[in-house]
Amino acid sequence: QVRVVESGGGLVQAGDSLTLSCVASGRTFSRLSMGWFRQAPGKEREFVGAIRWSGGSTSYADSVKGRFTISRDNALNRVYLQMNSLKPEDTAVYYCAADLNDSWPPRYDYWGQGTQVTVSS
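Residues numbered from 1 in each chain as written. Predicted model: local features only at pLDDT ≥ 70, side-chain atom pairs only at ≥ 80, totals over all residues. Heavy atoms only, no water.

*Asks:* Can you help me understand the sheet that holds strand β7 (residues 68-73) in this one?
*Replies:* Adjacent strands of a sheet pair through backbone hydrogen bonds, lying either parallel or antiparallel. Judged by pairing direction, the sheet is antiparallel, and its 4 strands sit side by side in the order β1-β3-β8-β7 without closing on themselves. Each edge of the open sheet is held by one strand with a lone partner, namely β1 (3-7) and β7. Taking the axes of each pair of neighbouring strands and ignoring which way they run, one obtains an average angle of 15 degrees across the sheet. Two elements, strand β3 (residues 18-25) and strand β8 (residues 78-83), share 6 bridges in a ladder whose sense is antiparallel. Bridged to L20 within β8 is L81. (Pairing = 2+ DSSP bridges. Helix = DSSP H or I, 4+ residues; strand = E, 2+ residues; numbered from the N terminus. Axes fitted to C-alpha atoms, helices over the stretch in contact; angles between N-to-C directions.)

*Asks:* How should I be thinking about the state of the cysteines in this particular structure?
*Replies:* Taken as a whole, this structure holds 1 disulfide when the rule is applied. Note on cysteine connectivity: C22 is disulfide-linked to C96, with sulfurs 2.0 Å apart. Classification of the bridge connecting C22 and C96 rests on its S-S torsion, roughly -85 degrees, and on that basis the disulfide is left-handed. Of this pair, C22 sits in strand β3 while C96 is found in strand β9 (residues 92-99), placing the two residues 74 residues apart along the sequence. (Disulfide = S-S within 2.5 Å.)

*Asks:* Is there a simple way to explain the nonpolar core in this structure?
*Replies:* One broad rule of soluble globular proteins: the nonpolar side chains tend to lie buried together. Counting 28 residues, the largest nonpolar core has W36, L81, M83 and Y94 as the members making the most contacts within it. Ignoring sequence-local partners within four residues, the contact set of L81 consists of L18, T19, L20, W36, V48, F68, T69, I70 and Y94. (Core = buried A, V, L, I, M, F, W, Y, C linked by side-chain atoms within 4.5 Å. Buried < 20%, exposed > 50% of the residue type's maximum accessible area, 1.4 Å probe, protein only. Contact = heavy atoms within 4.5 Å.)

In structure tokens, the structure reads:
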């Protein structure tokens, strides 16, 4: 019913920047909360950040606060994750998730397939 697709992953060096993009499609909606998660090999999936439809409420994991920024373009049903000062510890598959009810804290209904981010030292 709803498709969530991430893009923008790649291989970068420590200290570089990278921006991920996520788009949700498949149903008509005017507002939703969206979030970013990541999972490194051998580890559980962890929360990265989230943003409400209005953009007025955001939250970040302590490990990325000050380095990562979530933004969105509601006209395009798209959310971005700008990642600065990347560290090798940021290497993971990054997932985008959508809460179609715009709950806060979000309760995610749909997940993307993930996009790989690799940071070399």
